[in-house]
Amino acid sequence: MGPGRQRLAARVADLVPRVRAAGGRLLLRAHARQVLSDPPSVRAFLAERATEGFGEQVGLVLEPAALFEASMLGPEAPDHLERILAGLGDLTALLLESDVRRPDAAAGGSEETDTAFDTTGPCPHLTAPGAGELPAADLRRLVDRWIDPAAPRLAWTGRVAGV
């Protein structure tokens, strides 16, 4: 994780002056299988950018569903949502609304074989809001509690072919 984090920090440092010159802001998206994989790692990374003077130029696109591994779905999902939104809600510059479902058993993933924090199996599938396994009522309640109502929101409806 150290080398990936260092590469991301270097890339951000390279991009921020360009984004600043264009009058924009660089937004980073966290994902369970990437460098920014959970609330503590996101908070620490953004705090480090603030100490470098990039605090106003670097923000977070929060997609709670993207921070889930298959092992986190099920009865514990509301607790995971609470930790994600309580941990990152105040940093959210853009909320990307989506849902997540377990990978197909035929692809090698199943509830029985997944273990906590196992990132070696198939990645859960992001899908449109309401089409996955996140409890919609809990998600809505937690978004309303932790995300600034003025934060822009986008609903994820699928990937564009070729992107």
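A brief look at the structure comes next. (Residues numbered from 1 in each chain as written. Predicted model: local features only at pLDDT ≥ 70, side-chain atom pairs only at ≥ 80, totals over all residues. Heavy atoms only, no water.)

Quick notes on the packing of aromatic side chains
Throughout the structure, instances matching the rule amount to zero aromatic pairs. Just above the ring of Phe45 sits the side chain of Arg49; from NZ or CZ to the centre is 4.2 Å. (Phe/Tyr/Trp six-rings, centres within 6.5 Å; stacked < 30°, edge-to-face > 60°. Lys NZ or Arg CZ within 6 Å of the ring centre and 35° of its normal.)

Overview of the environment of Gln34
Turning to its location among the elements, Gln34 is positioned in the loop between strand E1 (26-29) and helix H2 (39-51). The spacing of Gln34 and Arg5 is 29 residues in sequence and 9.4 Å in space, taken between C-alpha atoms. (Helix = DSSP H or I, 4+ residues; strand = E, 2+ residues; numbered from the N terminus.)

Remarks on the pattern of salt bridges
Under the defined criterion, the tally for this structure stands at 13 salt bridges. As a salt-bridge pair, Arg5 and Glu48 come within 3.0 Å of each other at their nearest N and O atoms. Placement of the pair is Arg5 in helix H1 (residues 2-21) and Glu48 in helix H2, with a sequence separation of 43 residues. Classification of Arg5 by relative accessible area gives buried; the value is 18%. What makes Glu48 partly exposed here is its relative accessible area of 33%. The network of salt bridges with shared partners includes Arg5, Glu48, Arg49 and Glu52. (Salt bridge = Lys/Arg side-chain N within 4 Å of Asp/Glu carboxyl O. Buried < 20%, exposed > 50% of the residue type's maximum accessible area, 1.4 Å probe, protein only.)

A closer look at the nonpolar core
The biggest cluster of nonpolar side chains holds 40 residues, and the ones touching the most others in it are Leu62, Phe68 and Leu134. Listing elements by their share of this core, those giving two or more residues are H1, E1, H2, strand E2 (58-62), helix H3 (77-88), strand E3 (92-97) and helix H4 (136-146). With five residues, H3 is the largest single contributor of residues to this core. Residues in contact with Leu62, not counting those within four places in the same chain, are Leu67, Ile84, Leu85, Leu88, Thr92, Leu94, Leu95, Leu96 and Ile147. (Core = buried A, V, L, I, M, F, W, Y, C linked by side-chain atoms within 4.5 Å. Contact = heavy atoms within 4.5 Å.)

Brief notes about the side chain of Glu63
Within the secondary structure, Glu63 sits in the loop between E2 and H3. Of note is the side chain of Glu63, whose polar atom sits 2.7 Å from the side chain of Arg29. Filtering out sequence-adjacent residues up to four positions away, Glu63 remains in contact with Arg29, Leu96, Ser98, Leu126 and Trp156. (Polar contact = N/O pair within 3.5 Å; in protein donor to acceptor, adjacent residues only side chain to side chain.)

Overview of the packing of H1 against H2
For the pair H1 and H2, the least separation of the axes is 11 Å and the interaxial angle reads 40 degrees. As far as their axial angle goes, H2 and H1 are oblique. H2 is crossed by H1, and the crossing has right-handed handedness. Along its contact with H1, which presents Arg5, Leu8, Ala9 and Val12, the element H2 presents Ser41, Ala44, Phe45, Glu48 and Arg49. (Axes fitted to C-alpha atoms, helices over the stretch in contact; angles between N-to-C directions. Parallel < 35°, antiparallel > 145°, perpendicular 65-115°, else oblique. Left-handed = near helix turned anticlockwise from the far one by under 90°.)

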